[in-house]
Amino acid sequence: MNNMNKEDTQKASIDLALWMGDNALILGHRLAELCGHGPILEQDIALTNIALDLVGQARMWLTLAGDLEGKGRTEDDFAYLRSDKEFTNIKLVELPNQDWGYVIARQFIFDAHHLVILEQLCTSSEKAIADIAQKAIKEVQYHLRFSSEWIIRLGDGTEFSRKRMQSAFDKLAPYIKALTLDDPLTILAKEAGIGIDNKDVEEKAWKTFDAILSEATLELESPEYFHKGGKQGLHTEHMGFIIAEMQSVVRAMPNNKW
Amino acid sequence: MIEKDLNQIFQDRIDADDRIEARDWMPEKYRQTLIRQISQHAHSEVVGMLPEANWISRAPSLRRKVALLAKVQDEAGHGLYLYSAAETLGAKRSDLLQQLIDGTAKYSSIFNYPTLTWADIGAIGWLVDGAAIMNQVMLCRTSYGPYARAMVRICKEESFHQRQGYEIMIALSQGSEEQKAMAQDALNRWWWPSLMMFGPNDAESKHTAQSMAWRIKRKTNDELRQAFVDSSISQIEYLGLTAPDKDLKWNEERGHYDFGAIDWDEFWQVVKGHGPCNKERIAARRKAQEEGKWVQEAAMAYAAKRKQRAQDQQTRVA
Ligand SMILES: [Fe+2]
Ligand SMILES: [Fe+2]
Ligand SMILES: [Fe+2]
């Protein structure tokens, strides 16, 4: 649509960059909590790799948000000087780590969407968005491969592990839909050729779910009710603690270089 | 050949600076000494992840967060290389890890001190990785080949860690008064434990003489400690900080810095398991291992199923 005014598409681009950045940052932060505590060294290293990729991607997205906004805000201004209500990430990524199976299930759900989202963004009409997507996509292909392999292994492993995984998916199911919810800005971004086609993302992600989960002998159905709100700044009770912890040093001694 | 000759041939090879490889004959005590030393080193890398991991969630910029995360991950990699080196001597990683969580294996006691402020992350990278480098550069020429080669890879990354840590200290010491005070406080708390990292004085060290003769070690604890002090002082001065040692002064005659007496009571207290964080460190490793059990069991069960399915497939084709 060419009758869209520049201000609106700008707003939609910033919104998208923040959403991508916040999701990556908060999930990366959660995964990083496990560094040093992984069940075995190889898995510790692999999960930390994913955390590193995600925080690295968050830096690119948040920097872009600042550039588009044009008020001189940096990646760190966004990460360290916003309140939890200003974070736009979905609730899924802020859920506290539980056992390793739950962490992998949360990761798999995110990765399956993340990959399709990036595939779409690779052709975004906003060149800066396409550039970041092209860098990130190779990493996320690997993330999805890693999490899928573990879903299959743990689902089709022992009876105990199958039950654990099934219960993880049952707990996480209500948080999935929020990955593909439309709002005025996402619709605008899609129509301007900048952003994401949520319907298409949802369809493809669920195809991945079906393929991997059937191999893993697990079940996942889209639940009747789901949790919304993260994008609008309404989070779970856990989010306030993530932000308080993450920002504690910077908030205690403001206006310093680190 | 009788044992005595074998021993002589072995010692001749050591004296000629030959590298000993896994398949070579070696005295049983040499093998045991190496397993002990390499596994202690491996445990130190792995336990050493914990005090620094404590600050990943609070790193004060995204750049620092990524750098710290990558650093702690490197330490996991070092643990892996070293467990593999120990395995070339016939040790099993699972047994070694069991000793760690049983509390029967030792690891560098520095990691039993708490990380209390962000500046501790700078001080650890700079001083603790720095002290480790002193020791490890020497070990790049240790007589056992697989250990020496692991050390070469590790040393490259440790130098990077040290620079990164020092860079944090520079930022703090050039920052606000509060930041500078934080940096000084971290130096105060990490300085002496870093000097203790080189182990007891030569006169007290029960393994040193034999390890030197076998060229597992090539410098004594006191030599390495002196080299560390000598190289650290100008770095402290550059930061505008002060070492917490009133006896520290240049000795023209010796060509080295003199430094104050180390509190060996504190050292032995921590070594014997009564440092500020010994219990927490072991508990964290035990928790990781116990909570990972079902994951490993499932992975093994899955691998077995896959193998079985592949075999069934083959019999059907045949
Ligand atoms: Fe290391
Ligand atoms: Fe080391
Ligand atoms: Fe290191």
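Details of the structure are given in the entry above.
Residues numbered from 1 in each chain as written. Chains lettered and ligands numbered in written order. Predicted model: local features only at pLDDT ≥ 70, side-chain atom pairs only at ≥ 80, totals over all residues. Heavy atoms only, no water.

Caption draft 1: Quick look at the overall build of chain A. Summing up its helical and strand segments, chain A has ten helices and zero strands in all. The linear arrangement of helices and strands in chain A, starting from the amino end, is α-α-α-α-α-α-α-α-α-α. The C-alpha atoms of chain A give 18 Å as radius of gyration, which agrees with the globular expectation for 258 residues (18 Å, within 12%). Each principal axis of the C-alpha atoms in chain A carries an extent, and together these give about 55 × 45 × 30 Å. A burial count over chain A gives 59% of its 258 residues as buried. Counted over contacts in chain A with a minimum sequence separation of 6, partners at least 24 positions apart contribute 81%. Of the roughly 10900 Å² of accessible surface on chain A, a fraction of 52% belongs to carbon and sulfur atoms. Of the side-chain charges in chain A, 28 are positive and 40 negative, and the distance between the mean point of each set is 2 Å. (Helix = DSSP H or I, 4+ residues; strand = E, 2+ residues; numbered from the N terminus. Rg over C-alpha atoms; globule rule 2.2 N^0.38 Å. Buried < 20%, exposed > 50% of the residue type's maximum accessible area, 1.4 Å probe, protein only. Contact = heavy atoms within 4.5 Å. Areas by Shrake-Rupley, 256 points an atom, 1.4 Å probe, with all protein chains shown as cover. Lys, Arg positive; Asp, Glu negative; His and termini not counted. Charge placed at Lys NZ, Arg CZ, Asp CG, Glu CD.)

Caption draft 2: Examining the overall build of chain B more closely. A tally of helices and strands in chain B yields twelve helices and two strands. Its helices and strands in sequence order give chain B the pattern α-α-α-α-α-α-α-α-α-α-β-β-α-α, from N to C terminus. Reported as C-alpha extents along the three principal axes, the dimensions of chain B are approximately 80 × 55 × 30 Å. Among the 318 residues that make up chain B, the fraction classed as buried is 53%. A separation threshold of at least 6 residues defines the contact pool for chain B, and within that pool the share at least 24 residues apart is 78%. Approximately 14900 Å² of chain B is accessible, and the part contributed by carbon and sulfur atoms is 51%. Averaging the positions of the 43 positive and the 43 negative side-chain charges in chain B gives two centres separated by 7 Å.

Caption draft 3: Seen up close, helix α6 (residues 118-139) of chain B. Residues and elements named next belong to chain B. Here α6 contains 22 residues, and its C-alpha end-to-end distance of 31 Å stays within 8% of the 32 Å for a straight helix at 1.5 Å per residue. Of all the bends in α6, the greatest, near 35°, is centred on Ile 124. Burial runs high along α6: 19 of the 22 residues are buried. In this structure Thr 117 caps α6, since a side-chain oxygen of it lies 3.1 Å from the backbone nitrogen of Ala 119. (Expected span 1.5 Å × (residues − 1). Bend = angle between axes of the 7 residues up to and from the residue. Polar contact = N/O pair within 3.5 Å; in protein donor to acceptor, adjacent residues only side chain to side chain.)

Caption draft 4: Region of interest: unusual backbone geometry. With phi around 60°, Asn 255 of chain A is a residue other than glycine that occupies positive phi space. Secondary-structure assignment places Asn 255 of chain A in the segment after α10 (248-252). What makes Asn 255 of chain A exposed here is its relative accessible area of 82%. With phi around 55°, Arg 215 of chain B is a residue other than glycine that occupies positive phi space. Tracing the sequence through the fold places Arg 215 of chain B in the loop between α9 (208-213) and α10 (221-239).

Caption draft 5: Broad picture of the packing of aromatic side chains. Under the defined criterion, the tally for this structure stands at 16 aromatic pairs over all chains. Where Phe 108 of chain A meets Phe 169 of chain A, the ring centres are 6.2 Å apart and the plane angle is 90°; that geometry is what we call edge-to-face. You can see Phe 108 of chain A sitting in helix α4 (residues 100-121) and its partner Phe 169 of chain A sitting in helix α6 (residues 159-172), a full 61 residues away along the chain. There is no split in this pair, since Phe 108 of chain A and Phe 169 of chain A are both buried. Between Phe 10 of chain B and Trp 25 of chain B, the aromatic rings sit 6.2 Å apart at their centres with planes inclined by 80°, giving edge-to-face as the arrangement. Here the residue Phe 10 of chain B occupies a position in helix α1 (residues 3-15), and Trp 25 of chain B occupies one in the loop between α1 and α2 (28-47), the gap between them amounting to 15 residues. On the basis of relative accessibility, which here comes to 3%, the residue Phe 10 of chain B falls in the buried class. By the ring-pair criterion, three or more aromatic residues cluster together here, those being Phe 108, Phe 169, Trp 206 and Phe 209 of chain A. One cation-aromatic arrangement involves Arg 58 of chain B over Trp 55 of chain B; the distance from NZ or CZ to the ring centre is 3.6 Å. (Phe/Tyr/Trp six-rings, centres within 6.5 Å; stacked < 30°, edge-to-face > 60°. Lys NZ or Arg CZ within 6 Å of the ring centre and 35° of its normal.)

Caption draft 6: Fine view of the coordination of the iron ion (ligand 1). Residue and element names in this part refer to chain B. Every protein donor of the iron ion (ligand 1) is listed here as Glu 45 (OE), Glu 75 (OE), His 78 (ND1) and Glu 158 (OE), and their distances to the metal cover 2.0 to 2.1 Å. Here the iron ion (ligand 1) binds four donor atoms, and the angle range of 87 to 134° at the metal identifies the geometry as tetrahedral. Each donor residue of the iron ion (ligand 1) lies on the same chain, and together they follow the pattern E-x29-E-x2-H-x79-E. Separating the iron ion (ligand 1) and the iron ion (ligand 2) is a distance of 3.4 Å, and Glu 45 donates to both of them. Of this pair, Glu 75 and His 78 both sit in helix α4 (residues 62-87), three residues apart, which is roughly one turn of that helix. Side by side, Glu 75 and His 78 carry an identical accessibility label, which is buried. (Donors = N, O, S within 2.8 Å, 3.2 Å for Na, K, Ca; no water. Tetrahedral: all angles 85-135°; square planar, octahedral: opposite > 155°, others 65-115°.)

Caption draft 7: Molecular detail of the packing of α6 of chain B against helix α8 (residues 177-196) of chain B. Residues and elements named next belong to chain B. Contact geometry of α6 with α8 gives a least axis separation of 9 Å together with a crossing angle of 35°. Here α6 runs over α8; the crossing is right-handed. Residues Trp 118, Ala 119, Asp 120, Ala 123, Ile 124, Trp 126, Leu 127, Val 128 and Ala 131 of α6 form the contact with α8, whose own contacting residues are Met 182, Ala 183, Ala 186, Leu 187, Arg 189, Trp 190, Trp 191 and Ser 194. Its residues assigned to classes, the contact of α6 with α8 comprises 14 nonpolar, one polar and two charged. (Axes fitted to C-alpha atoms, helices over the stretch in contact; angles between N-to-C directions. Left-handed = near helix turned anticlockwise from the far one by under 90°. Nonpolar A, V, L, I, M, F, W, Y, C, P; charged D, E, K, R; others polar.)

Caption draft 8: Spatial organisation of the pattern of salt bridges. All names here are of chain B. This model, assessed by the stated rule, comprises 30 salt bridges over all chains. With a shortest N-O distance of 3.5 Å, Glu 28 and Arg 31 are connected by a salt bridge. With a gap of three residues between them, Glu 28 and Arg 31 both fall in helix α2, about one helical turn apart. For Glu 28, a relative accessible area of 47% translates into the label partly exposed. Taken together, the salt bridges that share partners define one network made up of Glu 52, Lys 71, Glu 75 and Asp 129. (Salt bridge = Lys/Arg side-chain N within 4 Å of Asp/Glu carboxyl O.)

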